[in-house]
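A closer look at the structure
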Amino acid sequence: GTTQSTATVLVSGVNEVTTVAVGADGVQLPSAVAGRYAYIYNADGADSLKVWPATGDNAGAGVDLNISVSFGQMIVCHAVDATTWYCFSAARKTS
C-alpha cells in the first residue's frame, strides 16, 4: 500500500519484497514488542520501498512516519520497547 493504513503488514521476521510500484508501495512493521526483529530486503530492481511502523510506533523517522529502503538494499529493525524500532542498513551477501 501507499500509506500506513494500506501497507502490507509483515507477519514474518524475514521478508523479501520483490515488486515496488514506482516507489509508492510500502510494508508495515508489526507492533513493536521489545526484542522483536524484522529483516526487510527490497529485491525490486529500481524503486525504493516505504517501511511504515504500526500505528503509534516509531521506526526512526518519527511516530507513524515511514522510512525508505533503496532497491537492492536490506534493513534490520529491532524493537527496543513497546513503541520504538531501531532500523539500520545491513549488507546483503551476494554470490
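Figured I'd write up the structure that's included with this text. These figures come from a predicted structure and were not determined experimentally.

**Let's talk about the environment of Thr-3**
Turning to its location among the elements, Thr-3 is positioned in the segment before β1 (8-9). Expressed as a C-alpha distance, the spacing of Thr-3 and Gln-28, which sit 25 residues apart in the sequence, is 9.3 Å. Among the polar contacts listed, one links the side chain of Thr-3 to the side chain of Thr-6, at a separation of 3.0 Å.

**Structural notes on the sheet that holds β1**
Taken in spatial order, the 4 strands make up an open sheet running β1-β3-β5-β6, and their pairing is mixed. Every other strand in the sheet has two partners, leaving β1 and β6 (67-69) as the edge strands with one partner each. With 3 bridges joining them, strand β5 (residues 49-52) and β6 adopt antiparallel strand pairing. Bridge pairing in β6 links Leu-49 to Val-69.

**Some words on a nonpolar patch on the surface**
A contiguous nonpolar patch, built from Val-14, Tyr-37 and Tyr-39 and spanning about 310 Å² of accessible area, is present on the exposed surface. Take Tyr-39: it is sitting in strand β4 (residues 37-42). Overall, Tyr-39 belongs to the partly exposed group, its relative accessible area being 33%.

**Topic: the sheet that holds β4**
Reading across from one edge, β2-β4-β7-β8 is the order of the 4 strands in this open sheet, with mixed pairing throughout. The open sheet has two edge strands, β2 (14-17) and β8 (85-90), and neither has a second partner. Between one strand axis and the next, the sheet turns by 20° as a mean value, whatever way the strands run. With 5 bridges joining them, β4 and strand β7 (residues 74-79) adopt antiparallel strand pairing. In the sheet register, Ile-40 faces β7, and the bridge partner there is Ile-75.

Quick notes on the rules
Residues numbered from 1 in each chain as written. Predicted model: local features only at pLDDT ≥ 70, side-chain atom pairs only at ≥ 80, totals over all residues. Heavy atoms only, no water. Helix = DSSP H or I, 4+ residues; strand = E, 2+ residues; numbered from the N terminus. Polar contact = N/O pair within 3.5 Å; in protein donor to acceptor, adjacent residues only side chain to side chain. Pairing = 2+ DSSP bridges. Patch = residues over 30% accessible without salt bridge, like charges linked within 9 Å, V, L, I, M, F, W, Y side chains within 5 Å. Areas by Shrake-Rupley, 256 points an atom, 1.4 Å probe, with all protein chains shown as cover. Salt bridge = Lys/Arg side-chain N within 4 Å of Asp/Glu carboxyl O. Buried < 20%, exposed > 50% of the residue type's maximum accessible area, 1.4 Å probe, protein only. Axes fitted to C-alpha atoms, helices over the stretch in contact; angles between N-to-C directions.

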